[in-house]
Structure formats: structure tokens, C-alpha cells
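Working through the structure, step by step
The residues making up each chain are set out below.
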Amino acid sequence: MTMSIVSIFLFWPLAIPAIMAASKVNPLLQQGDFAGAQAAAAESKKWSKLAIIIGCVWIGIWLICCIIAFAAGMVGGGAGAASTY
């Protein structure tokens with residue numbers, strides 16, 4: 001369940017199915033359905049990993065774009081730097 005909760009901060013659309021699958025594990029264990037609990041845990045782990053990977057890639061792309069934009073602004077001299085007064 002912890003991995004599912006962490007993944008909600010990175011990419012929430014895939015974290016929701018992870019949390020739903022993780023919430024099925026304990027009731028299945030209490031019913032004695034160990035195979036069902038393992039299947040629900042595996043499904044939760046799959047969705048959580050996918051959400052974390054996509055979230056980290058998205059943050060990486062966003063940071064690279066910010067760095068490129070900052071560098072372009074520094075090279076260009078910023079707004080109004082080429083004006084003659």
C-alpha cells in the first residue's frame with residue numbers, strides 16, 4: 001500500500017488503480033484467499049511501478065525543458081538586452 005500512496009504524488013492516474021488493488025489484499029487474506037491476495041498485490045505493484053516510472057520520466061523531461069529555457073534566456077541576454085538607448 002505504501003508504494004501505491006507514494007505513486008499518487010508522481011502520476012495519479014495510474015496510482016488510483018494501484019490503490020484500489022492494494023485495498024483488496026487484506027480482505028482477501030482475511031477470507032483465506034492467498035492466491036487472490038497475491039494476485040491483487042502483484043497488480044498493485046505493477047500499477048505503482050508504472051506510475052512511478054512515468055512520473056519520474058515526466059519530472060525529468062520537465063526539468064530538462066526548464067534548464068534549456070533558462071540557458072536560452074542567459075545566452076539571449078534576456079528581454080530587452082539588445083535595445084539601444
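Since the model is a prediction, treat every value here as computed from it, not as a measurement.

Criteria and thresholds
Residues numbered from 1 in each chain as written. Predicted model: local features only at pLDDT ≥ 70, side-chain atom pairs only at ≥ 80, totals over all residues. Heavy atoms only, no water. Axes fitted to C-alpha atoms, helices over the stretch in contact; angles between N-to-C directions. Helix = DSSP H or I, 4+ residues; strand = E, 2+ residues; numbered from the N terminus. Parallel < 35°, antiparallel > 145°, perpendicular 65-115°, else oblique. Left-handed = near helix turned anticlockwise from the far one by under 90°. Contact = heavy atoms within 4.5 Å. Buried < 20%, exposed > 50% of the residue type's maximum accessible area, 1.4 Å probe, protein only. Arc of directions from axis to C-beta.

**Section: the packing of helix H2 (residues 12-22) against helix H4 (residues 34-76)**
- Following both chains from N to C, one finds H2 and H4 inclined at 160°, their axes separated by 8 Å at the closest point. Looking at the two axes, H2 sits roughly antiparallel to H4. Here H2 and H4 pass one another in a crossing that is left-handed. Residues Leu14, Ala15, Pro17, Ala18, Ala21 and Ala22 of H2 form the contact with H4, whose own contacting residues are Ala40, Glu43, Ser44, Trp47, Ser48, Leu50, Ala51 and Ile54.

**Comments concerning H2**
- Buried within H2 are the following residues: Leu14, Ala15, Ala18, Ala21 and Ala22. The arc that holds every buried residue of H2, seen down its axis, measures 120°, which confines them to one face.
- Where H2 is buried, its residues contact helix H1 (2-7), helix H3 (25-31) and H4.

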